[in-house]
Amino acid sequence: MGNFTEVSCVLTNLSIKISIGLFLSALIFVLPTVQPSQAGVEGGTRGVEVVLKEPEVILRSLYDKSWAIVIGINHYPGGDRNTPNLNYAVSDAKRVAQKLAGLGFEVRTLIDEQATRQNIIHLLADDIGPQTKENDRIVFYFAGHGATKEKADKTYMGYILPHDYNPSKHSATAISLQQLREASSEIKAKHMLYLMDSCFSGGLLAGRGRMPTAGTAGYQYLLNITKGRSHVVIAAGGKDQTVKEEGGSGVFTRVVLDALSQRSNMPWAKDGYVTAMDLASYVMKRVPDLAPQQTPQYGHLEGEGDVVVDIFQPLDVSGGDERAHKIFEAEQALKAEEALQRAKRKRNIVAPGF
């Protein structure tokens, strides 16, 4: 209690010092200071202090909460010859759910008979969607059948097919990609990533997806790409393509999981983090090697930034734009002050200095 009172007094007096060495106890992240290795100061020169932030610290500063909706459907009891039962969608979904849980996401799964049209729409639009706040992120993963249908205006609409899909009642039992786009626009979370392992899933994008361009790695780049709202899609194939199951998994999902699990061998290993754009760049190059008929797609539903999927090593935050860095630290200090004040009101704590 002594430490809590001391920190509270400092914050209440507004003597918050914005610096790389900022330290606040309990409710504020600790920013560890690491001296350079001896190799960095050879020849008697004075080393430059490098400040690192642990992965958990950076993620908590970028996102308040992380959510995941994971759907896998093998069985289509009301389907026809165009919707035969699948072999690996359920096991793929379970592996994706496990991976995302390990990355700090609160995961909700819908498997086979749970994955009805009503349940999928409810989970996205009425359950998780309304709970999210602006500083949250969501991953939506779907493994199952998809379909495409020509409209009266000669354009095509893509659909994902839930467990209770009935071909004779297509409009009433399928979920159009337009519905997913509309649901996405209503969600407050600033960042959302769709991972779509189904046929025709590229139809979620307006037109053909584009090859992502690599950004400039580093802390400043990370700040820049995560400031605004960004909802993005990585789809297993184009809007007119079927996707492949092989070797105990969907090819697309296997490549995604390999990319997240074997990160030390990935192009972004030296950066210490992977974004949706990084992941898409790898998937769009690797999947056609294994399934030549598939051309994965990537694009934005909203915004122009990126979604951080994982941070896996401490980041050097000593470089970059000093002003942006100070603003970032100031925001964290203000959030900490607000958290302490909320705790005071909630617990009715009366302590010297308040």
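For the structure itself, look to the data block above.
Rules used in this analysis
- Residues numbered from 1 in each chain as written.
- Predicted model: local features only at pLDDT ≥ 70, side-chain atom pairs only at ≥ 80, totals over all residues.
- Heavy atoms only, no water.
- Buried < 20%, exposed > 50% of the residue type's maximum accessible area, 1.4 Å probe, protein only.
- Helix = DSSP H or I, 4+ residues; strand = E, 2+ residues; numbered from the N terminus.
- Pairing = 2+ DSSP bridges.
- Phe/Tyr/Trp six-rings, centres within 6.5 Å; stacked < 30°, edge-to-face > 60°.
- Contact = heavy atoms within 4.5 Å.
- Polar contact = N/O pair within 3.5 Å; in protein donor to acceptor, adjacent residues only side chain to side chain.

Visitor: What am I meant to see in the pairing of strand 7 (residues 156-160) here?
Guide: Walk down a regular strand and you will see the side chains alternate between the two sheet faces. Taken across its five residues, strand 7 has four buried, putting it largely inside the fold. Linking strand 6 (residues 146-150) back to strand 7 in an antiparallel pair, the connection comprises five residues, with K154 at a positive phi of about 70°.

Visitor: I'm lost on the packing of aromatic side chains in this one. Help?
Guide: Here a ring pair, both rings aromatic, is described through the centre-centre distance and the interplanar angle of the planes. This structure, assessed with the given rule, holds two aromatic pairs. On the numbers, 5.3 Å between centres and 55° between planes, the contact of F140 with Y194 is tilted. Linking F140 in strand 5 (residues 137-143) with Y194 in strand 9 (residues 191-197), this pair joins segments that are 54 residues apart in sequence.

Visitor: Even after reading the chapter, I still don't get the environment of Y194, so can you show me in this structure?
Guide: Using a relative accessible area of 0% as the deciding quantity, one classes Y194 as buried. The sequence separation of Y194 and F140 amounts to 54 residues, and the corresponding C-alpha distance is 4.8 Å. Ignoring any residue separated from it by four or fewer positions in sequence, one finds Y194 in contact with L124, F140, L180, S184, L204, V232, V233, I234 and L301. Polar contacts involving the side chain of Y194 include one to the main-chain carbonyl oxygen of L180, which spans 3.2 Å.

Visitor: For this particular structure, what's the right way to read the side chain of H191?
Guide: For H191, the position within the fold is in strand 9. The buried category is assigned to H191, whose relative accessible area is 0%. One polar contact links H191 to Y63, side chain to side chain, over a distance of 2.7 Å. Ignoring any residue separated from it by four or fewer positions in sequence, one finds H191 in contact with Y63, D136, R137, I138, I225, T226, G228, R229, S230, H231, D306 and V307.

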